[in-house]
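# Survey of secondary and tertiary structure
Residues per chain are reported as follows:
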Amino acid sequence: MSDPLLSVQDLSVEFRTRSGTVHALDRVGFEIRAGEMLGIVGESGSGKSVTAYSLLGLLDRAARVTSGRTDFGGRDLLRLGQGALNDLRGREISIVFQNPRTALNPIRSVGQQIGDVLARHDPAPAGAIRTKVLAALRQVRIPDPERRLGAYPHELSGGMCQRIGIAMALACSPLLLLADEPTTGLDVTTQAVVLDLFRDAIREQGASAVLITHDLALASEYCDRLVVMHAGQVVEDAPVTELFARPRHPYTAKLLSSVPSSVASIDELRPIEGSLPDLRRADLPFCRFAERCGRRTAACDAAPLAATTLAPDHHVACHHPL
Ligand SMILES: Nc1ncnc2c1ncn2[C@@H]1O[C@H](COP(=O)(O)OP(=O)(O)OP(=O)(O)O)[C@@H](O)[C@H]1O
Ligand code: SF4
Ligand SMILES: [Mg+2]
């Protein structure tokens, strides 16, 4: 097992809203290893995006990180200033957003936008940048890249726009890519094409990636390990094959048992009884799955949960794992 590239511990995030404080993340922890593709899965509202955005300082002003520490090459991302984070973003860790069209600037050509990312981190003569932009477009298999350099986002299909998003994210050869639902909204064939090239590009660069997705089939196909989130808590993490063969947290088991063989989005699955608790509640139980769980005992309500190691690579946050 290689050393973690990034470890996240005890990450809690709140949002102050007019209708109360949203306790969005509760002591989230996980590791990303060098060269791996880690999946983060969970229902809508479970905290997947907030987790990714916290790491890059992209949370909005209503958010407050109330606890947590990270280790990324000896640095704590949660304690870096905006200047250091701006410098790190794109060069060491980059992010691919869900909607490629809105993530791209509509009034700059795709070549200019990839060039902007390169120039920001590594100023070079225009000719050298152009060569690198062409290489970035080839890496994501954009046909006829010389011609596409001058194209604007509205002239390209959704799949092509997402390839540009990936090219921008990879342009400075980061160590880690965070991809937040990168293929939502694309048709199934295009999804597979985009994720195949995402995986190939990461392998070529020796980078690691976090794939945030609702789609368990995609997660199982592309990821090495999965982190399962429920209502702002990490409930289980394990290698994909182990998690599918023997889920140990009651929520993971329910999630997987509701998956037909041709899986779709988690939110479209046969619903799991009960809904996510309202994260504005002041009386949230220590285990946020308790109100949906048939195995709940007094022990579950007595104290905050800590993740238990079931195998070197398999952790679960539950008093009564399966
Ligand atoms: N700006 C915000 N203000 C208030 N609450 C927020 C804000 N952003 C996120 N939240 C809350 O934080 C929780 C986690 O949200 P998050 O967007 O991380 O979920 P998610 O797992 O990414 O869901 P989805 O699958 O729908 O993208 C939710 O309860 C959400 O309502
Ligand atoms: S800690 Fe208790 S309530 Fe929570 S999932 Fe485990 S058994 Fe259920
Ligand atoms: Mg999200």
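Predicted model only: the values in this text are computed from it and were never measured. (Residues numbered from 1 in each chain as written. Chains lettered and ligands numbered in written order. Predicted model: local features only at pLDDT ≥ 70, side-chain atom pairs only at ≥ 80, totals over all residues.)

## Remarks on the overall build of the chain
Of regular secondary structure, the chain possesses 12 helices and 11 strands. Along the first, second and third principal axes, the C-alpha set of the chain runs to 65 × 45 × 45 Å. The buried share of the chain, reckoned over its 322 residues, is 41%. Look at the contacts in the chain between residues 6 or more apart in sequence, and 66% of them connect residues 24 or more apart. (Helix = DSSP H or I, 4+ residues; strand = E, 2+ residues; numbered from the N terminus. Buried ≥ 20, exposed ≤ 12 C-beta atoms within 10 Å, placed from the backbone. Contact = placed C-beta atoms within 7 Å.)

## A look at the packing of helix 4 (residues 110-121) against helix 5 (residues 126-139)
The packing of two helices is summarised by the inter-axis angle and the distance between the axes. Contact geometry for helix 4 and helix 5: axes closest at 9 Å, N-to-C directions at 115 degrees. Between helix 4 and helix 5, the crossing angle belongs to the class labelled roughly perpendicular. The interaxial crossing formed by helix 4 with helix 5 has right-handed handedness. Of the residues in helix 5, those touching helix 4 at Gly 111, Ile 114, Gly 115, Leu 118 and Ala 119 are Ile 129, Lys 132, Val 133 and Ala 136. Partitioned by chemical class, the residues of the contact of helix 4 with helix 5 number six nonpolar, two polar and one charged. (Axes fitted to C-alpha atoms, helices over the stretch in contact; angles between N-to-C directions. Parallel < 35°, antiparallel > 145°, perpendicular 65-115°, else oblique. Left-handed = near helix turned anticlockwise from the far one by under 90°. Nonpolar A, V, L, I, M, F, W, Y, C, P; charged D, E, K, R; others polar.)

## Some thoughts on the environment of Val 65
Assignment of secondary structure puts Val 65 in strand 4 (residues 63-72). On the basis of neighbour count, Val 65 is assigned to the partly exposed category, with 15 C-beta atoms found within 10 Å. With 53 residues separating them in the primary sequence, Val 65 and Ser 12 have C-alpha atoms 5.8 Å apart. Residues in contact with Val 65, not counting those within four places in the same chain, are Val 13, Ser 54 and Leu 78.

## Details of the site of ligand 2
Taken together, Pro 250, Cys 287, Phe 289, Ala 290, Cys 293, Arg 295, Arg 296, Cys 300, Leu 305, Cys 318, His 319 and His 320 are the residues near ligand 2. In terms of residue class, the shell around ligand 2 is made up of eight nonpolar, two polar and two charged. (Near = placed C-beta within 6 Å.)

## Considering the pairing of strand 10 (residues 308-311)
Pairing of strand 10 with strand 11 (residues 314-316), which is carried by three bridges, proceeds in the antiparallel orientation. Its bridge partner lying in strand 11, Ala 311 is registered against His 314. Once strand 10 ends, the chain turns through two residues before running back antiparallel as strand 11. (Pairing = 2+ DSSP bridges.)

## Considerations on the pairing of strand 1 (residues 4-17)
With 10 bridges connecting them, strand 1 and strand 2 (residues 20-33) associate as antiparallel partners. Directly across from Pro 4, in strand 2, lies its bridge partner Arg 33. In sequence, strand 1 turns back onto strand 2 through a hairpin of two residues. Where strand 1 meets strand 4, eight bridges bridge the pair, whose relative direction is antiparallel. Bridge pairing in strand 4 links Ser 12 to Ser 67.

## Considerations on the environment of Leu 255
In this fold, Leu 255 is placed in helix 11 (residues 250-257). Between the C-alpha atom of Leu 255 and that of Leu 216, which follows or precedes it by 39 residues, the distance is 9.2 Å.

## Digging into the sheet that holds strand 1
If you walk across this open sheet you meet the three strands as 2-1-4, and the pairing is antiparallel. Because the sheet does not close on itself, it has two edges, and the strands there are strand 2 and strand 4. Strand-to-strand twist in this sheet, taken as the mean axis angle between neighbours without regard to direction, amounts to 5 degrees.

## Observations regarding helix 4
A turn of α-helix holds 3.6 residues, and therefore any two residues three or four places apart point the same way. Here helix 4 spans 18 Å end to end across 12 residues, near enough to the 16 Å set by a 1.5 Å rise per residue. By the burial criterion, the buried members of helix 4 are Val 110, Gly 111, Gln 113, Ile 114, Gly 115, Val 117 and Leu 118. Along its buried surface, helix 4 packs onto helix 5, helix 6 (145-148) and helix 7 (158-170). (Expected span 1.5 Å × (residues − 1).)

## Focus on the sheet that holds strand 9 (residues 233-239)
Across the sheet, eight strands lie side by side as 5-6-7-3-8-9-11-10; this open sheet has mixed pairing. Of all the strands in the sheet, the pair left with one neighbour each is strand 5 (93-96) and strand 10. Along the sheet, successive strands turn relative to each other by an average axial angle of 20 degrees, direction set aside.

## Quick look at the site of ligand 1
If you check the shell around ligand 1, you find 16 residues, and the closest are Phe 15, Ala 24, Ser 44, Ser 49 and Val 50. Where the shell around ligand 1 is concerned, the elements lending two or more residues are strand 1, strand 2 and helix 1 (48-55). With three residues, the top contributor of residues to the shell around ligand 1 is helix 1.

## With respect to the nonpolar core
One finds Ile 114, Ala 167, Leu 177, Ala 179, Val 210 and Leu 211 to be the most contacted residues of the largest nonpolar core, which totals 83 residues. Here the element with the most residues in this core is helix 7; it accounts for eight residues. With residues up to four places along the chain from it excluded, the contact list for Val 210 reads Ile 32, Leu 38, Ile 40, Ala 52, Leu 178 and Ala 179. (Core = buried A, V, L, I, M, F, W, Y, C linked by C-beta atoms within 7 Å.)

## Considering helix 1
In terms of burial, helix 1 is a largely internal element, seven of the eight residues being buried. Within the span of helix 1, buried status applies to Lys 48, Ser 49, Val 50, Thr 51, Ala 52, Ser 54 and Leu 55.

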